[in-house]
Amino acid sequence: MQLNHAQEWGLKLIHEAQVEHVIGVDEVGLGACAGPLVVCAAVFKKGWSHPEVRDSKQYDGKNGRAKHAKRLEVMPHIRSAVLFQEIEVVPHKDIDTLGLGYAVEDAMRRAALKCSHAYPDSVVAIDGDNKPFLRRARVVVAIPKGDALVPAISAASVIAKTTRDAMMLMFEDIYPGYGFEDHMGYWTEKHAKAVETLGVCPIHRLS
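Draft legend 1. Here's a closer look at the overall build of the chain. If you tally the helices and strands in the chain, you get 7 helices and 5 strands. Overall, the chain shows an N-to-C arrangement of helices and strands of α-β-β-α-β-α-α-β-β-α-α-α. Scaling as 2.2 N^0.38, a compact globule of 207 residues should have a C-alpha radius of gyration of about 17 Å, and the chain matches this with 17 Å. Dimensions of the chain, computed from C-alpha atoms along their principal axes, come out at roughly 55 × 35 × 30 Å. Counting across all 207 residues of the chain, residues that qualify as buried make up 48%.

Shown next, in the form of structure tokens:
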């Protein structure tokens, strides 16, 4: 993967930061049209990595349920290394009320602040190019595609994804017929046909 300037700069900041820990922050569900948005911030020793832990989108499977099972297989590697974590769940109604951009930034800020209060000697590494203001953090860096470049962000993405997918599988039982176990609330041809036939259900985002 060829790095752009922002990615090189972000990785350099993390490498040179005089800290003991890295707080990885990532979200899942940003592009979904049903279900919540989930943000995870997770604290790891600086320099930690594991070959099986990668960007949550890189786990293959024939459908959403199979991919969820693959991600669950790597969770023990994450649990054995994570020092602290915070998960923020933003319900679909809050997304409709607040707007998606504000909702995700506020959730990232709240999750990261709780981790940086617990481990102030940390660099906060956020996936994407949005860097919310964090007063307590020593260093805050936003890295485009950071979930594929920074192990702490990769782990946070897996935690967030497994959390959200478990919720969507529960919604599959509550609202059958939409195929949530396949697409996890993202807009697909199957999802579109279900909405056309059944109408929206109580967890669809109306905004």
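Draft legend 2. Region of interest: the pairing of strand E5 (residues 139-143). The buried fraction of E5 amounts to 4 of the 5 residues, a majority that puts the element mostly inside the structure. Note that strand E4 (residues 122-127) and E5 share 5 bridges and pair parallel. Each residue of the ladder has a partner; that of Val124, found in E5, is Val140.

Draft legend 3. Expanded view of the sheet that holds strand E2 (residues 37-45). Spatial strand order, E3-E2-E1-E4-E5: 5 strands in an open sheet with mixed pairing. The open sheet has two edge strands, strand E3 (84-90) and E5, and neither has a second partner. Across this sheet, the average inter-strand angle for adjacent strands is 15°, counted without regard to direction. As defined by bridge partners, strand E1 (residues 21-28) adjoins E4 across 5 bridges and the pair is classed as parallel. Bridge pairing in E4 links Ile23 to Val124. In the packing of helix H4 (residues 100-118) onto the sheet, the strands contacted are E1, E2, E3 and E4, and the crossing angle to E3 comes to about 160°.

Draft legend 4. Up close: the pairing of E1. Within E1, 8 of the 8 residues are buried, which leaves the element mostly enclosed by the surrounding structure. Residues His21, Ile23, Val25 and Glu27 of E1 are buried on one face, and the alternating residues Val22, Gly24, Asp26 and Val28, pointing to the opposite face, are buried as well.

Draft legend 5. Highlighting the nonpolar core. Ranked by size, the top nonpolar core spans 28 residues in total, and within it Ile14, Val22, Phe44, Ile78, Val123, Ala125 and Val150 carry the most contacts. Here this core takes 7 residues from helix H5 (residues 151-174), the largest share from any one element. Every residue in contact with Val123, bar those within four places of it in the chain, is listed here: Ile14, Ala17, Val19, His21, Val22, Ile23, Val139 and Val141. One finds Val25, Leu37, Met108 and Cys115 within the second-largest nonpolar core, a separate group that totals 18 residues.

Draft legend 6. Inspection of the environment of Gly64 at higher detail. Relative to the elements of secondary structure, Gly64 occurs in helix H2 (residues 64-79). Through-space distance from the C-alpha of Gly64 to that of Pro144 is 25 Å; in sequence the pair is 80 residues apart.

Draft legend 7. Representation of the pattern of salt bridges in the model. Scanning the entire structure with this criterion turns up 15 salt bridges. Put simply, Asp165 and Arg71 hold a salt bridge, and the shortest N to O gap is 3.1 Å. Of this pair, Asp165 sits in helix H5 while Arg71 sits in helix H2; the two residues are 94 residues apart in sequence, bridging distant segments of the chain. Arg109 is paired through a salt bridge with Glu105; the nearest N and O atoms lie 3.1 Å apart. Of the two residues, Arg109 and Glu105 are both situated in helix H4; the distance of 4 residues between them amounts to about one turn of the helix. The class of Arg109 is partly exposed, set by a relative accessible area of 23%.

Calculation notes
Residues numbered from 1 in each chain as written. Predicted model: local features only at pLDDT ≥ 70, side-chain atom pairs only at ≥ 80, totals over all residues. Heavy atoms only, no water. Helix = DSSP H or I, 4+ residues; strand = E, 2+ residues; numbered from the N terminus. Rg over C-alpha atoms; globule rule 2.2 N^0.38 Å. Buried < 20%, exposed > 50% of the residue type's maximum accessible area, 1.4 Å probe, protein only. Pairing = 2+ DSSP bridges. Axes fitted to C-alpha atoms, helices over the stretch in contact; angles between N-to-C directions. Contact = heavy atoms within 4.5 Å. Core = buried A, V, L, I, M, F, W, Y, C linked by side-chain atoms within 4.5 Å. Salt bridge = Lys/Arg side-chain N within 4 Å of Asp/Glu carboxyl O.

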